[in-house]
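Below, each chain spelled out in residue letters.
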Amino acid sequence: MSIEHPSFGKLDDSRVIVFDTTLRDGEQSPGFSMNLTEKLRMAEALTELGIDVMEAGFPIASPGDYESVFEIAKLIGNMDGGPVICGLARTGRADIMRAGEAVAPAKRRRIHTFIATSDLHMEHKLRMTRDEVLAATAGAVTVAREYTDDVEWSAEDGTRTDPDFLCRCVEAAIKAGATTINIPDTVGYALPEDMARIFTMVRERVPGAERVIFSTHNHNDLGLAVANTVAAIRAGVRQVECTINGIGERAGNAALEEIVMALRTRPDAVPARPAHIRHENILKTSRLLSTITGFDVQPNKAIVGRNAFAHEAGIHQDGMLKNAGTYEIMTPESVGWSKSSLVMGKHSGRAAFRDKLRTLGYGEIGDNQLNDAFRRFKDLADRKKVVYDEDISALVDDTTRDQDRIKFVSLDLRAGSKAPPKAELELEIDGTVTLATSSGDGPVDACFNAIGKLFPHTAKLTLYSVGAVTEGTDAQARVTVRLDENGKMVDGQGADTDTIVASVRAYVHALNKLLVKRERTEPAALSA
Ligand code: MN
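Predicted model, so just to flag it, every value in this text is computed and none were measured.

Asker: Give a description of the side chain of Arg478 that names residues and reports values.
Answerer: Inspection of the secondary structure puts Arg478 in strand 15 (residues 477–485). In this structure Arg478 comes out as buried when scored by relative accessible area, which is 13%. Within the structure, Arg478 has its side chain in polar contact with the side chain of Asp296 (distance 3.1 Å). Once residues lying within four places of it in the same chain are set aside, the contact partners of Arg478 are Asp296, Ala394, Asp397, Ser465, Val466, Gly467, Val469, Gln493, Gly494 and Ala495.

Asker: Report on the packing of aromatic side chains, specifying residues and quantitative values.
Answerer: Here the distance between the centres and the angle between the planes together describe a pair of aromatic rings. With the rule as written, the count across this model stands at 9 aromatic pairs. Aromatic side chains Phe374 and Phe377 sit 6.1 Å apart centroid to centroid with 35 degrees between the ring planes, which places their arrangement in the tilted category. In this pair, Phe374 and Phe377 both sit in helix 14 (residues 367–383), 3 residues apart, roughly one turn of the helix. Here Phe374 and Phe377 have matching classes, each one buried. It is Arg98 that lies over the ring of Tyr66; its NZ or CZ is 3.9 Å from the centre. For Arg350, the ring lying beneath its charged end belongs to Phe374, and the centroid distance is 5.6 Å.

Asker: Give me the lowdown on the sheet that holds strand 3 (residues 17–20), citing residues and values where you can.
Answerer: With parallel pairing, the 8 strands of this closed barrel are ordered in space as 3-4-5-6-7-8-9-10. Strand after strand, the sheet turns through a mean of 25 degrees between neighbouring axes, direction not considered.

Asker: Describe the sheet that holds strand 13 (residues 432–439), listing the residues and the values that go with them.
Answerer: The strand order across the open sheet formed by 3 strands is 11-12-13, and the pairing between neighbours is antiparallel. The open sheet is flanked by strand 11 (406–414) and strand 13, the only strands paired with a single partner. Within this sheet the neighbouring strands show an average axis-to-axis angle of 15 degrees, counted without direction. Two elements, strand 12 (residues 422–429) and strand 13, share 8 bridges in a ladder whose sense is antiparallel. Each bridged residue has a counterpart across the sheet, and for Lys422 the counterpart in strand 13 is Ser439. Relative to the sheet, helix 16 (residues 443–454) contacts strand 11, strand 12 and strand 13, its axis offset from that of strand 13 by approximately 135 degrees.

Cut-offs applied
- Residues numbered from 1 in each chain as written.
- Predicted model: local features only at pLDDT ≥ 70, side-chain atom pairs only at ≥ 80, totals over all residues.
- Heavy atoms only, no water.
- Helix = DSSP H or I, 4+ residues; strand = E, 2+ residues; numbered from the N terminus.
- Buried < 20%, exposed > 50% of the residue type's maximum accessible area, 1.4 Å probe, protein only.
- Polar contact = N/O pair within 3.5 Å; in protein donor to acceptor, adjacent residues only side chain to side chain.
- Contact = heavy atoms within 4.5 Å.
- Phe/Tyr/Trp six-rings, centres within 6.5 Å; stacked < 30°, edge-to-face > 60°.
- Lys NZ or Arg CZ within 6 Å of the ring centre and 35° of its normal.
- Pairing = 2+ DSSP bridges.
- Axes fitted to C-alpha atoms, helices over the stretch in contact; angles between N-to-C directions.

Following this line, the structure appears as C-alpha coordinates:
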(Lines give C-alpha, C1' and ligand atoms only; values in the text may rest on other atoms or scores of the structure.)
Protein backbone atom coordinates (compact mmCIF):
# COMPACT_ATOMS: atom_id res chain seq x y z
CA MET A 1 0.00 0.00 0.00
CA SER A 2 1.28 3.47 -0.81
CA ILE A 3 0.01 7.03 -0.85
CA GLU A 4 0.93 10.18 -2.77
CA HIS A 5 2.23 12.91 -0.46
CA PRO A 6 2.68 16.58 -1.48
CA SER A 7 6.18 16.83 0.04
CA PHE A 8 7.49 13.27 -0.16
CA GLY A 9 5.88 11.96 -3.32
CA LYS A 10 5.05 8.26 -3.32
CA LEU A 11 5.24 6.91 0.22
CA ASP A 12 4.97 3.23 0.82
CA ASP A 13 3.95 1.52 3.98
CA SER A 14 7.47 0.67 5.12
CA ARG A 15 8.51 4.31 5.58
CA VAL A 16 8.27 6.24 8.85
CA ILE A 17 8.41 10.06 8.65
CA VAL A 18 10.55 11.51 11.46
CA PHE A 19 9.01 14.80 12.56
CA ASP A 20 11.35 16.56 14.96
CA THR A 21 9.94 19.18 17.30
CA THR A 22 13.05 19.92 19.37
CA LEU A 23 12.89 23.54 18.20
CA ARG A 24 9.17 23.95 19.03
CA ASP A 25 7.77 21.65 21.74
CA GLY A 26 11.26 21.16 23.15
CA GLU A 27 12.27 24.78 23.00
CA GLN A 28 9.12 26.06 24.70
CA SER A 29 9.76 24.08 27.89
CA PRO A 30 11.30 25.82 30.92
CA GLY A 31 15.03 26.45 30.65
CA PHE A 32 15.34 25.24 27.05
CA SER A 33 14.84 28.47 25.16
CA MET A 34 17.42 29.16 22.45
CA ASN A 35 18.42 32.28 20.57
CA LEU A 36 18.50 32.48 16.77
CA THR A 37 22.15 31.44 16.43
CA GLU A 38 21.60 28.44 18.70
CA LYS A 39 18.45 27.40 16.82
CA LEU A 40 20.29 27.57 13.51
CA ARG A 41 23.14 25.41 14.87
CA MET A 42 20.63 22.88 16.13
CA ALA A 43 18.71 23.00 12.83
CA GLU A 44 21.89 22.21 10.89
CA ALA A 45 22.70 19.27 13.18
CA LEU A 46 19.15 17.91 12.82
CA THR A 47 19.48 18.17 9.04
CA GLU A 48 22.74 16.23 9.15
CA LEU A 49 21.01 13.65 11.31
CA GLY A 50 18.48 13.15 8.51
CA ILE A 51 15.08 14.08 9.93
CA ASP A 52 12.18 14.42 7.47
CA VAL A 53 10.20 17.31 8.97
CA MET A 54 11.53 20.08 11.21
CA GLU A 55 8.96 21.88 13.32
CA ALA A 56 10.94 25.09 13.59
CA GLY A 57 8.70 27.09 15.92
CA PHE A 58 5.40 28.82 16.58
CA PRO A 59 5.62 31.95 14.42
CA ILE A 60 2.83 33.96 16.06
CA ALA A 61 4.29 33.49 19.55
CA SER A 62 6.67 36.46 19.18
CA PRO A 63 8.66 38.40 16.58
CA GLY A 64 11.70 36.34 17.65
CA ASP A 65 9.88 33.06 17.00
CA TYR A 66 8.71 34.31 13.61
CA GLU A 67 12.23 35.38 12.68
CA SER A 68 13.79 32.07 13.64
CA VAL A 69 11.26 30.03 11.64
CA PHE A 70 11.76 32.39 8.69
CA GLU A 71 15.58 32.13 8.86
CA ILE A 72 15.46 28.34 9.21
CA ALA A 73 13.08 28.15 6.24
CA LYS A 74 15.47 30.29 4.21
CA LEU A 75 18.73 28.52 5.14
CA ILE A 76 17.81 24.94 6.01
CA GLY A 77 14.69 24.81 3.82
CA ASN A 78 16.78 25.33 0.69
CA MET A 79 19.55 22.81 1.40
CA ASP A 80 19.68 19.79 -0.87
CA GLY A 81 18.15 16.85 0.95
CA GLY A 82 17.03 19.15 3.76
CA PRO A 83 13.83 18.57 5.73
CA VAL A 84 10.35 19.97 5.21
CA ILE A 85 10.11 23.13 7.35
CA CYS A 86 7.02 23.33 9.50
CA GLY A 87 5.42 26.18 11.47
CA LEU A 88 2.77 25.71 14.17
CA ALA A 89 -0.51 27.67 14.25
CA ARG A 90 -3.76 27.67 16.20
CA THR A 91 -6.92 27.80 14.07
CA GLY A 92 -7.26 31.60 13.78
CA ARG A 93 -6.56 33.22 10.43
CA ALA A 94 -3.82 35.47 11.89
CA ASP A 95 -1.96 32.45 13.32
CA ILE A 96 -2.10 30.59 10.03
CA MET A 97 -1.06 33.60 7.94
CA ARG A 98 1.92 34.19 10.22
CA ALA A 99 2.96 30.52 9.96
CA GLY A 100 2.45 30.54 6.19
CA GLU A 101 4.64 33.62 5.77
CA ALA A 102 7.35 32.27 8.10
CA VAL A 103 7.79 28.98 6.20
CA ALA A 104 7.37 30.57 2.75
CA PRO A 105 11.12 30.70 1.90
CA ALA A 106 11.46 26.90 2.20
CA LYS A 107 11.33 24.68 -0.87
CA ARG A 108 9.14 22.20 0.98
CA ARG A 109 6.95 23.69 3.72
CA ARG A 110 4.21 22.60 6.08
CA ILE A 111 1.66 24.37 8.25
CA HIS A 112 0.68 22.46 11.38
CA THR A 113 -2.61 23.68 12.82
CA PHE A 114 -4.20 22.37 15.98
CA ILE A 115 -7.27 22.68 18.17
CA ALA A 116 -8.35 20.87 21.33
CA THR A 117 -11.04 18.23 20.85
CA SER A 118 -11.55 16.75 24.34
CA ASP A 119 -14.65 17.85 26.27
CA LEU A 120 -12.45 19.01 29.12
CA HIS A 121 -10.38 21.32 26.92
CA MET A 122 -13.28 22.53 24.75
CA GLU A 123 -15.40 23.44 27.76
CA HIS A 124 -12.82 24.91 30.13
CA LYS A 125 -10.07 26.20 27.89
CA LEU A 126 -11.57 27.04 24.52
CA ARG A 127 -15.16 27.63 25.76
CA MET A 128 -16.33 26.33 22.40
CA THR A 129 -19.03 23.82 21.44
CA ARG A 130 -18.34 20.69 19.42
CA ASP A 131 -19.86 22.28 16.32
CA GLU A 132 -17.65 25.33 16.71
CA VAL A 133 -14.53 23.16 17.00
CA LEU A 134 -15.55 21.20 13.91
CA ALA A 135 -16.05 24.42 11.96
CA ALA A 136 -12.72 25.84 13.20
CA THR A 137 -10.96 22.64 12.10
CA ALA A 138 -12.31 22.76 8.56
CA GLY A 139 -11.74 26.51 8.32
CA ALA A 140 -8.14 26.37 9.55
CA VAL A 141 -7.14 23.57 7.20
CA THR A 142 -8.79 25.38 4.26
CA VAL A 143 -6.87 28.60 4.99
CA ALA A 144 -3.60 26.68 5.50
CA ARG A 145 -4.02 25.04 2.09
CA GLU A 146 -3.87 28.51 0.53
CA TYR A 147 -0.20 28.60 1.62
CA THR A 148 0.92 25.02 1.04
CA ASP A 149 -0.37 21.60 -0.01
CA ASP A 150 1.37 20.01 2.96
CA VAL A 151 -0.98 20.62 5.92
CA GLU A 152 -1.01 18.81 9.24
CA TRP A 153 -3.94 18.97 11.62
CA SER A 154 -3.76 17.94 15.29
CA ALA A 155 -6.53 17.04 17.72
CA GLU A 156 -5.05 18.46 20.91
CA ASP A 157 -5.71 16.16 23.89
CA GLY A 158 -6.80 13.64 21.24
CA THR A 159 -6.28 10.58 23.42
CA ARG A 160 -8.86 11.90 25.90
CA THR A 161 -11.38 12.83 23.18
CA ASP A 162 -14.74 11.14 22.70
CA PRO A 163 -14.09 8.56 19.92
CA ASP A 164 -17.14 9.50 17.81
CA PHE A 165 -16.31 13.19 17.94
CA LEU A 166 -12.65 12.49 17.22
CA CYS A 167 -13.66 10.63 14.05
CA ARG A 168 -15.91 13.52 12.96
CA CYS A 169 -13.05 16.01 13.44
CA VAL A 170 -10.54 13.87 11.54
CA GLU A 171 -13.05 13.48 8.72
CA ALA A 172 -13.59 17.26 8.57
CA ALA A 173 -9.82 17.89 8.49
CA ILE A 174 -9.27 15.37 5.68
CA LYS A 175 -12.18 16.78 3.66
CA ALA A 176 -10.72 20.28 4.00
CA GLY A 177 -7.39 19.05 2.66
CA ALA A 178 -5.18 17.96 5.58
CA THR A 179 -2.49 15.51 4.45
CA THR A 180 -1.23 14.50 7.90
CA ILE A 181 -3.50 13.78 10.86
CA ASN A 182 -1.89 13.89 14.29
CA ILE A 183 -3.61 12.53 17.38
CA PRO A 184 -1.41 13.71 20.23
CA ASP A 185 -1.31 12.37 23.76
CA THR A 186 -0.89 15.97 24.91
CA VAL A 187 -0.97 15.21 28.64
CA GLY A 188 0.93 11.90 28.63
CA TYR A 189 -2.09 9.88 29.80
CA ALA A 190 -2.38 7.05 27.29
CA LEU A 191 -1.08 3.48 27.52
CA PRO A 192 0.30 1.58 24.50
CA GLU A 193 -2.98 -0.37 24.21
CA ASP A 194 -4.91 2.91 23.98
CA MET A 195 -2.75 4.09 21.11
CA ALA A 196 -3.36 0.90 19.17
CA ARG A 197 -7.11 1.08 19.80
CA ILE A 198 -7.49 4.77 18.90
CA PHE A 199 -5.50 4.67 15.67
CA THR A 200 -7.03 1.39 14.54
CA MET A 201 -10.50 2.80 15.14
CA VAL A 202 -9.90 6.10 13.35
CA ARG A 203 -8.25 4.44 10.36
CA GLU A 204 -11.12 1.94 10.05
CA ARG A 205 -13.99 4.39 10.52
CA VAL A 206 -13.02 7.68 8.88
CA PRO A 207 -13.67 8.03 5.14
CA GLY A 208 -10.51 9.13 3.35
CA ALA A 209 -8.19 7.82 6.08
CA GLU A 210 -6.35 5.74 3.49
CA ARG A 211 -5.20 8.92 1.70
CA VAL A 212 -3.41 10.58 4.67
CA ILE A 213 -0.46 9.94 6.95
CA PHE A 214 -1.34 9.40 10.60
CA SER A 215 0.98 10.88 13.19
CA THR A 216 1.65 10.27 16.87
CA HIS A 217 2.89 12.84 19.42
CA ASN A 218 3.51 11.54 22.90
CA HIS A 219 4.42 13.05 26.22
CA ASN A 220 6.40 11.22 28.83
CA ASP A 221 4.46 12.00 32.03
CA LEU A 222 4.15 8.28 32.77
CA GLY A 223 7.44 7.34 31.13
CA LEU A 224 5.51 5.79 28.22
CA ALA A 225 6.17 8.23 25.37
CA VAL A 226 8.43 5.92 23.35
CA ALA A 227 6.38 2.80 24.12
CA ASN A 228 3.25 4.64 22.93
CA THR A 229 5.05 5.77 19.79
CA VAL A 230 6.10 2.23 18.92
CA ALA A 231 2.56 0.97 19.61
CA ALA A 232 1.17 3.65 17.28
CA ILE A 233 3.53 2.61 14.46
CA ARG A 234 2.42 -0.97 14.90
CA ALA A 235 -1.16 0.30 14.50
CA GLY A 236 -0.35 1.87 11.13
CA VAL A 237 0.89 5.32 12.09
CA ARG A 238 3.66 6.51 9.75
CA GLN A 239 4.81 9.80 11.28
CA VAL A 240 6.47 10.06 14.69
CA GLU A 241 6.81 13.38 16.48
CA CYS A 242 9.80 13.49 18.76
CA THR A 243 12.68 15.53 20.18
CA ILE A 244 16.38 15.03 20.79
CA ASN A 245 17.02 13.84 24.37
CA GLY A 246 13.23 13.73 24.79
CA ILE A 247 13.05 17.39 25.80
CA GLY A 248 9.63 19.06 25.84
CA GLU A 249 6.74 20.22 27.97
CA ARG A 250 6.78 18.84 31.54
CA ALA A 251 8.31 15.33 31.47
CA GLY A 252 9.14 15.82 27.80
CA ASN A 253 8.33 14.23 24.45
CA ALA A 254 9.24 10.86 23.02
CA ALA A 255 13.02 10.79 22.46
CA LEU A 256 14.03 10.64 18.80
CA GLU A 257 17.14 8.58 19.52
CA GLU A 258 15.15 5.94 21.40
CA ILE A 259 12.48 5.62 18.72
CA VAL A 260 14.88 5.29 15.79
CA MET A 261 17.06 2.77 17.61
CA ALA A 262 14.01 0.72 18.61
CA LEU A 263 13.00 0.60 14.94
CA ARG A 264 16.51 -0.30 13.88
CA THR A 265 17.00 -2.96 16.54
CA ARG A 266 13.59 -4.63 16.17
CA PRO A 267 12.72 -4.83 12.45
CA ASP A 268 11.13 -8.20 13.26
CA ALA A 269 8.44 -6.49 15.34
CA VAL A 270 8.03 -3.12 13.63
CA PRO A 271 7.97 -3.38 9.84
CA ALA A 272 8.64 0.30 9.06
CA ARG A 273 11.58 2.65 9.43
CA PRO A 274 12.91 6.12 8.60
CA ALA A 275 14.54 6.64 5.24
CA HIS A 276 17.43 8.98 6.00
CA ILE A 277 18.46 8.87 9.66
CA ARG A 278 22.25 8.71 10.06
CA HIS A 279 22.37 6.82 13.34
CA GLU A 280 26.06 7.50 13.89
CA ASN A 281 25.20 11.22 14.28
CA ILE A 282 22.86 10.60 17.22
CA LEU A 283 25.32 11.15 20.06
CA LYS A 284 26.78 14.26 18.46
CA THR A 285 23.34 15.80 18.06
CA SER A 286 22.39 14.93 21.63
CA ARG A 287 25.61 16.48 22.97
CA LEU A 288 25.08 19.63 20.93
CA LEU A 289 21.63 20.10 22.43
CA SER A 290 22.99 19.57 25.96
CA THR A 291 25.68 22.09 25.29
CA ILE A 292 23.34 24.72 23.89
CA THR A 293 20.71 24.35 26.59
CA GLY A 294 23.03 23.59 29.49
CA PHE A 295 21.19 20.41 30.45
CA ASP A 296 23.01 17.09 30.40
CA VAL A 297 21.02 13.88 30.06
CA GLN A 298 21.04 11.61 33.09
CA PRO A 299 23.82 8.95 33.08
CA ASN A 300 21.35 6.07 32.63
CA LYS A 301 19.50 7.73 29.70
CA ALA A 302 18.96 5.18 26.93
CA ILE A 303 21.26 5.49 23.88
CA VAL A 304 22.97 8.78 24.81
CA GLY A 305 23.57 8.57 28.60
CA ARG A 306 27.12 8.17 29.85
CA ASN A 307 26.30 4.69 31.20
CA ALA A 308 24.16 3.53 28.27
CA PHE A 309 26.93 1.22 27.03
CA ALA A 310 29.05 0.90 30.18
CA HIS A 311 29.39 -2.61 31.53
CA GLU A 312 30.45 -2.58 35.16
CA ALA A 313 29.52 -5.95 36.63
CA GLY A 314 32.33 -8.50 36.34
CA ILE A 315 30.14 -11.23 34.90
CA HIS A 316 28.89 -8.82 32.20
CA GLN A 317 32.44 -7.69 31.38
CA ASP A 318 33.52 -11.30 31.05
CA GLY A 319 30.65 -12.04 28.67
CA MET A 320 31.31 -8.87 26.68
CA LEU A 321 34.96 -9.79 26.16
CA LYS A 322 33.96 -13.22 24.84
CA ASN A 323 31.13 -11.94 22.63
CA ALA A 324 29.64 -8.42 22.69
CA GLY A 325 26.27 -9.85 21.70
CA THR A 326 25.91 -11.44 25.14
CA TYR A 327 24.85 -8.18 26.74
CA GLU A 328 24.67 -5.68 23.89
CA ILE A 329 21.63 -5.34 21.60
CA MET A 330 23.24 -2.55 19.58
CA THR A 331 26.80 -1.30 19.35
CA PRO A 332 27.91 1.99 20.87
CA GLU A 333 29.62 2.85 17.56
CA SER A 334 26.30 2.64 15.72
CA VAL A 335 25.04 5.74 17.54
CA GLY A 336 28.33 7.62 17.50
CA TRP A 337 30.21 6.54 20.62
CA SER A 338 33.81 6.06 19.60
CA LYS A 339 36.05 3.59 21.40
CA SER A 340 38.80 6.05 22.14
CA SER A 341 38.12 9.57 23.22
CA LEU A 342 41.13 11.66 22.26
CA VAL A 343 42.24 13.60 25.30
CA MET A 344 43.88 16.97 24.99
CA GLY A 345 46.68 18.46 27.08
CA LYS A 346 48.62 21.66 27.39
CA HIS A 347 50.75 20.82 24.35
CA SER A 348 47.75 20.55 22.07
CA GLY A 349 47.78 23.33 19.51
CA ARG A 350 45.20 25.56 18.01
CA ALA A 351 44.62 23.34 14.94
CA ALA A 352 44.03 20.26 17.11
CA PHE A 353 41.72 22.32 19.28
CA ARG A 354 39.70 23.52 16.30
CA ASP A 355 39.58 19.96 14.98
CA LYS A 356 38.36 18.71 18.35
CA LEU A 357 35.63 21.35 18.38
CA ARG A 358 34.47 20.15 14.98
CA THR A 359 34.18 16.54 16.15
CA LEU A 360 32.24 17.75 19.19
CA GLY A 361 29.72 19.54 16.97
CA TYR A 362 31.02 23.11 17.11
CA GLY A 363 31.80 23.47 13.41
CA GLU A 364 30.41 26.95 13.01
CA ILE A 365 31.99 28.66 15.99
CA GLY A 366 32.97 32.31 15.31
CA ASP A 367 36.57 33.60 15.53
CA ASN A 368 36.03 35.64 18.69
CA GLN A 369 34.45 32.70 20.44
CA LEU A 370 37.23 30.39 19.20
CA ASN A 371 39.92 32.72 20.55
CA ASP A 372 38.20 33.02 23.89
CA ALA A 373 37.66 29.23 24.09
CA PHE A 374 41.28 28.46 23.11
CA ARG A 375 42.66 30.89 25.69
CA ARG A 376 40.51 29.30 28.39
CA PHE A 377 41.49 25.81 27.20
CA LYS A 378 45.21 26.62 27.58
CA ASP A 379 44.52 28.09 30.98
CA LEU A 380 42.60 24.95 31.97
CA ALA A 381 45.31 22.63 30.61
CA ASP A 382 47.84 24.39 32.86
CA ARG A 383 45.77 23.63 35.94
CA LYS A 384 44.45 20.18 34.97
CA LYS A 385 46.57 17.29 33.67
CA VAL A 386 44.10 15.80 31.23
CA VAL A 387 41.40 17.72 29.42
CA TYR A 388 38.48 15.52 28.39
CA ASP A 389 35.82 16.08 25.73
CA GLU A 390 33.36 16.99 28.47
CA ASP A 391 35.72 19.70 29.71
CA ILE A 392 35.95 21.23 26.27
CA SER A 393 32.19 21.10 25.72
CA ALA A 394 31.62 22.77 29.08
CA LEU A 395 34.18 25.42 28.30
CA VAL A 396 32.95 26.27 24.81
CA ASP A 397 29.37 26.23 26.02
CA ASP A 398 30.41 28.80 28.53
CA THR A 399 32.54 31.13 26.40
CA THR A 400 31.18 34.57 25.86
CA ARG A 401 28.64 34.70 23.10
CA ASP A 402 29.09 37.71 20.86
CA GLN A 403 25.48 38.79 21.24
CA ASP A 404 25.49 38.62 25.06
CA ARG A 405 24.78 42.01 26.65
CA ILE A 406 26.46 41.09 29.93
CA LYS A 407 29.94 39.59 29.98
CA PHE A 408 32.07 38.29 32.84
CA VAL A 409 35.42 40.09 33.12
CA SER A 410 37.09 39.28 36.45
CA LEU A 411 36.54 38.31 40.06
CA ASP A 412 38.58 38.88 43.18
CA LEU A 413 37.30 37.19 46.30
CA ARG A 414 38.09 36.91 49.98
CA ALA A 415 36.42 33.99 51.72
CA GLY A 416 36.99 31.59 54.59
CA SER A 417 36.05 31.26 58.26
CA LYS A 418 37.74 34.33 59.72
CA ALA A 419 35.96 37.29 58.16
CA PRO A 420 32.81 37.97 56.13
CA PRO A 421 33.30 37.25 52.44
CA LYS A 422 34.06 40.11 50.11
CA ALA A 423 33.68 39.98 46.32
CA GLU A 424 35.13 42.44 43.85
CA LEU A 425 33.47 41.78 40.53
CA GLU A 426 33.96 43.31 37.08
CA LEU A 427 31.31 42.87 34.39
CA GLU A 428 31.07 44.32 30.92
CA ILE A 429 27.52 45.55 30.33
CA ASP A 430 26.61 46.78 26.84
CA GLY A 431 30.29 47.37 26.14
CA THR A 432 31.22 49.20 29.35
CA VAL A 433 33.28 47.54 32.10
CA THR A 434 32.23 48.39 35.66
CA LEU A 435 33.29 47.16 39.07
CA ALA A 436 31.29 46.51 42.24
CA THR A 437 32.24 45.33 45.70
CA SER A 438 29.85 43.39 47.87
CA SER A 439 29.61 41.04 50.86
CA GLY A 440 27.05 38.35 51.67
CA ASP A 441 26.23 35.21 53.66
CA GLY A 442 28.92 33.29 51.81
CA PRO A 443 31.18 33.73 48.80
CA VAL A 444 28.47 32.80 46.27
CA ASP A 445 25.97 35.15 47.89
CA ALA A 446 28.56 37.94 47.92
CA CYS A 447 29.18 37.49 44.19
CA PHE A 448 25.49 37.35 43.33
CA ASN A 449 24.94 40.54 45.37
CA ALA A 450 27.69 42.20 43.34
CA ILE A 451 25.94 41.16 40.11
CA GLY A 452 22.75 42.74 41.47
CA LYS A 453 24.60 46.00 42.08
CA LEU A 454 26.06 46.06 38.57
CA PHE A 455 22.89 44.97 36.81
CA PRO A 456 19.81 45.59 38.99
CA HIS A 457 16.96 43.14 38.34
CA THR A 458 13.98 41.59 40.11
CA ALA A 459 14.46 37.95 39.05
CA LYS A 460 14.57 35.45 41.91
CA LEU A 461 17.15 32.70 42.20
CA THR A 462 15.13 29.46 42.37
CA LEU A 463 17.80 26.81 41.75
CA TYR A 464 21.53 26.63 42.32
CA SER A 465 23.39 23.41 41.73
CA VAL A 466 27.02 22.39 41.41
CA GLY A 467 28.32 19.30 39.64
CA ALA A 468 31.71 18.12 38.48
CA VAL A 469 32.30 17.88 34.72
CA THR A 470 34.67 14.93 35.19
CA GLU A 471 36.20 13.05 38.15
CA GLY A 472 38.99 14.27 40.44
CA THR A 473 39.57 17.30 42.65
CA ASP A 474 41.05 19.21 39.72
CA ALA A 475 37.84 18.74 37.73
CA GLN A 476 35.91 21.71 36.44
CA ALA A 477 32.80 22.65 38.38
CA ARG A 478 29.67 23.03 36.32
CA VAL A 479 27.13 25.30 37.97
CA THR A 480 23.47 25.69 37.01
CA VAL A 481 21.52 28.76 38.09
CA ARG A 482 17.78 29.16 37.57
CA LEU A 483 16.22 32.62 37.59
CA ASP A 484 12.51 33.37 37.71
CA GLU A 485 11.13 36.75 36.72
CA ASN A 486 7.31 36.87 36.94
CA GLY A 487 7.01 33.28 35.79
CA LYS A 488 9.60 33.59 33.02
CA MET A 489 12.14 30.92 33.88
CA VAL A 490 15.67 30.55 32.53
CA ASP A 491 18.63 28.35 33.38
CA GLY A 492 22.22 29.46 33.02
CA GLN A 493 25.36 27.33 33.09
CA GLY A 494 28.96 28.10 33.87
CA ALA A 495 32.09 25.99 34.09
CA ASP A 496 35.47 26.64 35.69
CA THR A 497 37.96 24.88 37.94
CA ASP A 498 37.01 27.60 40.44
CA THR A 499 33.49 26.87 41.67
CA ILE A 500 32.79 30.51 42.52
CA VAL A 501 33.87 31.75 39.09
CA ALA A 502 31.67 29.03 37.54
CA SER A 503 28.79 30.31 39.69
CA VAL A 504 29.21 33.88 38.46
CA ARG A 505 29.42 32.72 34.84
CA ALA A 506 26.24 30.67 35.30
CA TYR A 507 24.38 33.63 36.80
CA VAL A 508 25.52 35.94 33.99
CA HIS A 509 24.49 33.33 31.40
CA ALA A 510 21.02 33.10 32.96
CA LEU A 511 20.66 36.89 32.97
CA ASN A 512 21.55 37.06 29.27
CA LYS A 513 18.95 34.40 28.50
CA LEU A 514 16.39 36.30 30.57
CA LEU A 515 17.01 39.46 28.55
CA VAL A 516 16.26 37.51 25.36
CA LYS A 517 13.16 35.96 26.90
CA ARG A 518 11.78 39.33 28.08
CA GLU A 519 11.14 40.21 24.43
CA ARG A 520 8.80 37.27 24.03
CA THR A 521 5.09 37.27 24.84
CA GLU A 522 3.79 33.75 25.01
CA PRO A 523 0.25 33.35 23.66
CA ALA A 524 -2.20 31.24 25.63
CA ALA A 525 -2.78 27.58 24.86
CA LEU A 526 0.52 26.55 23.36
CA SER A 527 0.42 22.88 24.17
CA ALA A 528 -0.49 20.79 21.11
MN1 MN B 1 3.44 18.51 22.83
